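# Architecture at a glance
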Amino acid sequence: KAGVTQTPRYLIKTRGQQVTLSCSPISGHRSVSWYQQTPGQGLQFLFEYFSETQRNKGNFPGRFSGRQFSNSRSEMNVSTLELGDSALYLCASSLVTGTAYEQYFGPGTRLTVT
Amino acid sequence: GESVGLHLPTLSVQEGDNSIINCAYSNSASDYFIWYKQESGKGPQFIIDIRSNMDKRQGQRVTVLLNKTVKHLSLQIAATQPGDSAVYFCAENPPGNQFYFGTGTSLTVIP
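Report follows, based on the coordinates. (Residues numbered from 1 in each chain as written. Chains lettered and ligands numbered in written order. Predicted model: local features only at pLDDT ≥ 70, side-chain atom pairs only at ≥ 80, totals over all residues. Heavy atoms only, no water.)

### Here we look at the layout of surface pockets
Quick note on the threshold: Think of a 1 Å grid over just the protein atoms. A cavity is a set of points where a 1.4 Å probe fits yet cannot get out, a pocket is an open set with protein on both sides within 12 Å along at least five of seven lines, and lining residues have an atom within 4 Å of a point. Grid points are joined across faces, edges and corners, and a volume is the space filled by probe spheres set on the points. Helix numbers and strand numbers start at the N terminus; a helix is a DSSP run of H or I with at least 4 residues, a strand a run of E with at least 2. Any residue that is not Ala, Val, Leu, Ile, Met, Phe, Trp, Tyr, Cys, Pro, Asp, Glu, Lys or Arg is counted as polar, Gly included; the first ten are nonpolar and the last four charged.
As a volume, the largest pocket reaches approximately 300 Å³. Contributing to the lining of the largest pocket are 16 residues, with Q37, T38 and P39 of chain A together with Q38 and F89 of chain B lying nearest its centre. Listing elements by their share of the lining of the largest pocket, those giving two or more residues are β4 (31-38) of chain A together with β8 (86-93) of chain B. Here the second largest pocket defines a volume of roughly 200 Å³. Taken together, 13 residues make up the lining of the second largest pocket; nearest its centre are K37, I47, Q60, R61 and V62 of chain B. No other element matches strand β4 (residues 45-51) of chain B, which puts four residues into the lining of the second largest pocket. A class-by-class count of the residues in the lining of the second largest pocket yields six nonpolar, four polar and three charged.

### Describing the side chain of Q6 of chain A
Which entries qualify depends on this criterion: By the convention used here, residues are in contact when the closest approach between their heavy atoms is within 4.5 Å.
Turning to its location among the elements, Q6 of chain A is positioned in strand β1 (residues 5-7). Apart from residues lying up to four places away in sequence, Q6 of chain A is in contact with S22, C23, W34, Y89, L90, C91, G106, P107, G108 and T109 of chain A.

### Observations regarding the environment of N56 of chain A
Mapping N56 of chain A onto the fold places it in strand β6 (residues 53-57). Separated by 15 residues in the primary sequence, N56 of chain A and N71 of chain A have C-alpha atoms spaced 19 Å apart. N56 of chain A has contacts with F45, F47 and E48 of chain A together with G96, N97 and Q98 of chain B, leaving out every residue within four places of it along the chain.

This is how it looks when you write it as structure tokens:
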């Protein structure tokens, strides 16, 4: 079956703009987590959604938000972009939440803020 | 002082040799662990997982060892191939919580 898909794959935005990234999980997976990956900080957890509810949230400012739809697809939004938001944004899906299940990643969206 | 960037541990091995990549995790309550492989420009790829009620798990050419006493994971890759060159991450999962990732180890396979 198809893996986790993310769109767009690459994005260039200007400081102050906002951006929306999309993630479609593996069919049947109901948990979607978002991560930011940078050379300086590694992989950092943003938030997790399960059944349209945010279940966990990392230590990021309120400019970072997300949502999940009834078909488990998820979007994350970053408002008022800053140069430091340039990163690879990764989405990962899992069958369930709160327990030990495999988590699979998508290819990521490379965001560049100029 | 302030960190200016991650300094990934690096490992270089000769093609055909075995590789051992190590990871120290932080939470003694973590009961599930995953090893990921990330190639340049791609998302992390699931390699193998292990639950805390096990000490060892084997996959195809890979073995994960878990030592809960010292909170240590290792990934062994047998007969390392050039295609194994990548960054390898371990991830720990405390019950009911998010995954936490290590900084990664960069593996280079020398043909």
